[in-house]
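# Understanding the architecture of this molecule
Single-letter residue listing:
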Amino acid sequence: MNYFLYTFYTWILSLLVLVVGLAGYNFYLFAAGQSFDFFFPEFIAVIFFLMVASSPAFLMAWGVLSFIIMSGYSQGEKIGLWILAVILSIIVNVICLLLVFAREEISREMLWMCWPAYLSAAVVITIRSKQFFSLIHKSKNDGNS
């Protein structure tokens, strides 16, 4: 598996975990007697919107992945750096989106409101750690050995 595919699959899975988690939270809030108003077409629309809005974060994370894989750090440090790089790319993406669309909304509180995205990315990277480690070992064994 190459760097692009690993990053792409992690990104897509992270978006799905984020949307399902937010839908579950919405269902939990409205389960106390109110109707649940999150239907499948809205689910698809939210995923499409998140894919468009988060594509710069995906590209930033993809660009950083090769530097992390080729660095001289240990495996545990590499996955920690990968989680940190993905979360930082999400933060940079949110700041850029706010600069373009809602400059007056930039604040620490707005960045803290994005914690579900950070959590879903960290959870998916942890779940896909086996693929990450196989990516590390594959890149080490690609020589003339």
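Look up: the structure comes first, before these words.
Below you will find a few notes about this structure. (Residues numbered from 1 in each chain as written. Predicted model: local features only at pLDDT ≥ 70, side-chain atom pairs only at ≥ 80, totals over all residues. Heavy atoms only, no water.)

## Side note on a nonpolar patch on the surface
Keep this limit in mind: Exposure above 30% relative accessible area and no salt bridge define the residues that can form patches, which grow by joining like charges within 9 Å and nonpolar side chains of Val, Leu, Ile, Met, Phe, Trp and Tyr within 5 Å. Using the Shrake-Rupley algorithm and a 1.4 Å probe, accessible areas are obtained, with residue cover drawn only from the displayed protein chains. Whenever Lys or Arg places a side-chain nitrogen within 4 Å of a carboxyl oxygen from Asp or Glu, that contact is recorded as a salt bridge. A helix here means a DSSP run of H or I that spans at least four residues, while a strand means a run of E at least two residues long, and both kinds are numbered starting from the N terminus. Each residue gets one of three labels from its accessible area relative to the maximum for its type: buried under 20%, exposed over 50%, partly exposed in between, using a 1.4 Å probe on protein chains only.
On the surface, Phe-4, Leu-5, Tyr-9, Leu-59 and Trp-62 cluster together into a nonpolar patch covering about 440 Å² of accessible area. Counting only elements with at least two residues in the nonpolar patch, the list comes to helix H1 (3–30) and helix H2 (40–70). Element by element, the count of residues in the nonpolar patch is highest for H1, at 3 residues. Within the secondary structure, Trp-62 sits in helix H2. Trp-62 sits in the partly exposed class, given a relative accessible area of 36%.

## Describing the side chain of Ser-14
Let me state the cut-off plainly: We define a polar contact as two N or O atoms separated by no more than 3.5 Å, with the added condition that, inside protein, one atom must be a possible hydrogen donor and the other a possible acceptor, whereas residues neighbouring each other in sequence contribute only through side-chain atom pairs. The contact rule is simple, with two residues in contact once any of their heavy atoms fall within 4.5 Å.
Summarising the element assignment, Ser-14 is placed in helix H1. Residue class for Ser-14 comes out buried when judged on its relative accessible area of 12%. Here Ala-121 takes part through its backbone nitrogen, which lies 3.4 Å from a polar atom of the side chain of Ser-14. In contact with Ser-14, not counting residues within four places along its chain, are Ser-120, Ala-121 and Val-124.

## Description of the nonpolar core
The following threshold applies: Nonpolar cores are built from buried Ala, Val, Leu, Ile, Met, Phe, Trp, Tyr and Cys residues. Side-chain atoms within 4.5 Å join them into one set.
Among the nonpolar cores identified, the biggest contains 31 residues, and Leu-65, Ile-69, Trp-82, Val-86, Ile-90 and Phe-132 are the most heavily contacted of them. Within the residue set of this core, elements represented by two or more residues are H1, H2, helix H3 (75–101), helix H5 (115–127) and helix H6 (129–140). At 8 residues, H2 tops the list of elements feeding residues into this core. Not counting the four nearest positions on each side in its chain, Val-86 is found in contact with Ala-61, Ala-121 and Ile-125.

## Remarks on H3
Residues that lie three or four places apart on an α-helix share one face, since the helix turns once every 3.6 residues. Our working definition: The span one expects for a helix is its residue count, reduced by one, times 1.5 Å.
The end-to-end C-alpha distance of H3, which contains 27 residues, comes to 39 Å, matching closely the 39 Å that a straight helix rising 1.5 Å per residue would cover. Turning to H3, its buried residues number three or more, namely Lys-78, Ile-79, Trp-82, Ala-85, Val-86, Ser-89, Ile-90, Asn-93, Val-94 and Leu-98.

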